[in-house]
Amino acid sequence: MEAGCGGGSRRKRRHRLRERRSVATAEAGVAAAKAGESRSGMPLRNLETAWSAIWPSGGGCSARGEGEEASTSRLRSSGGGFLERELLHHIHSPEGPEKGVASAPLGTPGSRGKRAEIPMQIREGSRRAAPAAGALRSPMSAMMLAMFATMASFYVAGRLWQDAQNRVYLIKELDRRTGQGQSAISVDDTLKVVACRQQGKRLASLEMELAAAKQAGFVGKYTSETNTTLSKKPLIVIGIMTSFGRKNYRDAVRKSWLPTGSMLKKLEEEKGIVVRFIVGRSANRGDTFDREIDDENRSTKDFLILDDHIESDEELPTKTKSFFANAAETFDAAFYAKVNDDIYINVDTLSEMLQTHWDKPRVYLGCMKSGEVFSESTHKWYEPDWWKFGDGKSYFRHASGEMFVISRAIAQFISINRSVLRTYAHDDVSVGSWMIGLAVKHVNEAKLCCSSWPSVRRDVLSSVMNRNANTVC
């Protein structure tokens, strides 16, 4: 059996340990209740219950014998000044402890149940304080969501505005170019505007490259020195197709209708007619053929040498294309003519005829014909691409190859698109094929229906020079 109040030291140590635990539990309860009151605004109550938890009830050796002052001194000595004030204030206040909480006196059997309620009240105070912290965090989350929603709205509105502006720009640009007001823009119109922009960028890029090339010392084929001998814009540039070993034909032309020396310059200055023999280079660059042409040109100064063309009878269509391209880059003339080196030309009649075609921006003049397409490989005029001309085996309308004339716009087109223009077995057919897809005025000019010289003999040359002056050739 247990001893009385004066029992052994074991009971005293157990009693002191229980006191320390009770004091610590009461302090924690008051602190939690204080925190709950400051956050939630609820009153601090049930402090008498916290006071009764300091001293265990039951047993002979309880704290009742020590009295209320001894309990207060213990709280003060243990550093519980705040706890003491709160407990004393609520216990001795007129209102008294809360009903149903401290009604049982200390030391009764019911007080042990009251002490068990303290931890539950502490936890309830903590739970009441938790919603207050959540209430502080929830406005911040709502503010962040509102900010993100606002930014997303601005982004979507900006994209819609940008699309609308692009659409308005395309409509205005199309109206400016076509002069027609439209309520909507079609896919074709959009592609046209995009193509125009790409062409503008390409033109700007080419201008930058040209400026860089000029700074590096490169110059174009057409310079101010090229036409220093011309007092006015040339009327026509006549290219006489010749080749190696045909010097006698060139001499016949010079003796018949082409002046030489100072008379050639006078023809260019007074009548605006520029005449040049057209020849390419040898496959063996710098051989005897090339040297003969260079020596002849130094003496007569009436050649236009195509450095980018290899001279060959099979490459006459390519040679004709190269001539028109180089002539358009070198001379700013109104017309360009291709002539064989066995044709006689009346330059006065040619000049008068061309005066009637000044008003045609794209004109194609010649003796128009449509010959048969030969599919036999052994034939003189064999056409390897005969199957492209249909079952009728007949060429489309084109000018005869002895002589034909084109305007400057067509020559510039050939110069720009020389790398993609298709050629056939004959030069006149090739040029005629280029005209089919263009808005070109075909003129069947009877004065350009020429016949070649069968051979270069004095009697033939004399008869040619005495032809009717009403014909060009």
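Not measured: the values here are computed from a predicted model.

Trainee: So what about the overall build of the protein? Which residues, and what values?
Mentor: If you tally the helices and strands in the protein, you get 14 helices and seven strands. Relative to its 473 residues, the protein shows a buried fraction of 38%. Taking as baseline every contact in the protein between residues at least 6 positions apart, the subset at least 24 positions apart corresponds to 76%. A total of about 27800 Å² of accessible surface is found on the protein, and carbon and sulfur atoms cover 55% of it.

Trainee: Can you explain the state of the cysteines? Please cite residues and give values.
Mentor: Going through the model one piece at a time under the given rule, you end up with one disulfide. Each sulfur of the disulfide joining Cys367 and Cys449 lies 2.1 Å from the other. Taking the sign of the S-S torsion, 90 degrees for the link of Cys367 and Cys449, the bridge is right-handed. Of this pair, Cys367 sits in strand 5 (residues 363-369) while Cys449 sits in the loop between strand 7 (441-444) and helix 14 (458-465), and the two are 82 residues apart along the sequence.

Trainee: Tell me about helix 10 (residues 316-330), and please be specific about residues and values.
Mentor: With 15 residues, helix 10 extends 21 Å between its outermost C-alpha atoms, agreeing within 8% with the 21 Å of an ideal straight helix rising 1.5 Å per residue. Within helix 10, twelve of the 15 residues are buried, which leaves the element mostly enclosed by the surrounding structure. For helix 10, the complete set of buried residues consists of Pro317, Lys319, Thr320, Lys321, Ser322, Phe323, Phe324, Ala325, Asn326, Ala327, Ala328 and Thr330.

Trainee: Outline the pairing of strand 6 (residues 398-407), supporting the account with residue identities and numerical values.
Mentor: Regular strands place their side chains on alternate faces of the sheet. Counting buried positions over the ten residues of strand 6 gives nine, a clear majority of the element. Where strand 4 (residues 335-340) lies against strand 6, five bridges are found, and the strand directions are antiparallel. Within strand 6, the residue paired with Tyr336 across the bridge is Ile406. In terms of strand pairing, strand 5 meets strand 6 through five bridges, oriented antiparallel.

Trainee: So what's going on with a nonpolar patch on the surface? Residues and values would help.
Mentor: A contiguous nonpolar surface patch, about 640 Å² in accessible area, is contributed by Met140, Met143, Met144, Met147, Phe148 and Met151. Structurally, the position occupied by Phe148 is in helix 5 (residues 109-178).

Trainee: If you had to explain the packing of aromatic side chains to someone new, which residues and values would you point to?
Mentor: The geometry of two aromatic rings is summed up by the distance between their centres and the angle between their planes. According to the stated counting rule, one finds six aromatic pairs in the structure shown. Ring centres of Phe323 and Phe324 lie 5.1 Å apart, and the angle between their planes is 45 degrees; this geometry places the pair in the tilted category. In this structure, Phe323 and Phe324 share a single accessibility class: buried. Between Phe335 and Trp358, the ring centres sit 6.0 Å apart and the planes meet at 70 degrees, which makes this aromatic pair edge-to-face. You can see Phe335 sitting in strand 4 and its partner Trp358 sitting in the loop between helix 11 (347-355) and strand 5, a full 23 residues away along the chain. Accessibility expressed as a relative area gives 2% for Phe335, which makes it buried. Look at Trp358 and you get partly exposed, because its relative accessible area is 46%. Clustering of aromatic rings is evident, with ring pairs tying together Phe323, Phe324, Tyr364 and Phe404. Across from the ring centre of Tyr249, 3.9 Å away, lies the NZ or CZ of Arg246, which sits over that ring. Across the ring face of Tyr424, the terminal group of Arg422 is positioned such that the distance to the ring centre comes to 5.1 Å.

Trainee: An account of the packing of helix 7 (residues 247-256) against helix 9 (residues 288-300) is requested, with residue identities and associated values reported.
Mentor: The N-to-C vectors of helix 7 and helix 9 enclose an angle of 10 degrees; their axes lie 13 Å apart at closest approach. When the axes of helix 7 and helix 9 are compared, the pair comes out roughly parallel. As for the relative orientation of helix 7 and helix 9, their crossing is right-handed in sense. Together, Lys247, Arg250 and Arg254 of helix 7 and Ile293, Glu296 and Thr300 of helix 9 make up the contact between the two elements. Of the residues contributing to the contact of helix 7 with helix 9, the split by class is one nonpolar, one polar and four charged.

Trainee: Can you break down the layout of surface pockets residue by residue, with the values?
Mentor: Considered as a void within the structure, the largest pocket measures approximately 1000 Å³ in volume. Lining of the largest pocket is provided by 31 residues; of these, Leu316, Asn340, Trp381, His426 and Asp427 occupy positions nearest its centre. Taken together, the elements giving at least two residues each to the lining of the largest pocket come down to helix 10, strand 4, strand 6 and helix 13 (427-436). Class assignment for the residues of the lining of the largest pocket results in eight nonpolar, nine polar and 14 charged.

Trainee: Please give an account of the pattern of salt bridges that cites residues and values.
Mentor: All told, the structure shown has 19 salt bridges when counted by the stated rule. A salt bridge links Arg276 to Glu268, with the nearest nitrogen and oxygen atoms 2.8 Å apart. Assessed through its relative accessible area of 4%, Glu268 is described here as buried. Across the salt bridge formed by Lys369 and Asp428, the nearest N and O atoms sit 3.9 Å from each other. Of this pair, Lys369 sits in strand 5 while Asp428 sits in helix 13, and the two are 59 residues apart along the sequence. In this structure Asp428 comes out as buried when scored by relative accessible area, which is 9%. Taken together, the salt bridges that share partners define one network made up of Lys247, Arg250, Asp251, Arg254, Glu296 and Asp302.

So, how was this worked out
- Residues numbered from 1 in each chain as written.
- Predicted model: local features only at pLDDT ≥ 70, side-chain atom pairs only at ≥ 80, totals over all residues.
- Heavy atoms only, no water.
- Helix = DSSP H or I, 4+ residues; strand = E, 2+ residues; numbered from the N terminus.
- Buried < 20%, exposed > 50% of the residue type's maximum accessible area, 1.4 Å probe, protein only.
- Contact = heavy atoms within 4.5 Å.
- Areas by Shrake-Rupley, 256 points an atom, 1.4 Å probe, with all protein chains shown as cover.
- Disulfide = S-S within 2.5 Å.
- Expected span 1.5 Å × (residues − 1).
- Pairing = 2+ DSSP bridges.
- Patch = residues over 30% accessible without salt bridge, like charges linked within 9 Å, V, L, I, M, F, W, Y side chains within 5 Å.
- Salt bridge = Lys/Arg side-chain N within 4 Å of Asp/Glu carboxyl O.
- Phe/Tyr/Trp six-rings, centres within 6.5 Å; stacked < 30°, edge-to-face > 60°.
- Lys NZ or Arg CZ within 6 Å of the ring centre and 35° of its normal.
- Axes fitted to C-alpha atoms, helices over the stretch in contact; angles between N-to-C directions.
- Parallel < 35°, antiparallel > 145°, perpendicular 65-115°, else oblique.
- Left-handed = near helix turned anticlockwise from the far one by under 90°.
- Nonpolar A, V, L, I, M, F, W, Y, C, P; charged D, E, K, R; others polar.
- 1 Å grid on protein atoms, 1.4 Å probe; cavity = no way out; pocket = protein on both sides within 12 Å on 5 of 7 lines; lining within 4 Å.
- Points joined across faces, edges and corners; volume = space filled by probe spheres on them.

Geometry only, nothing functional implied.
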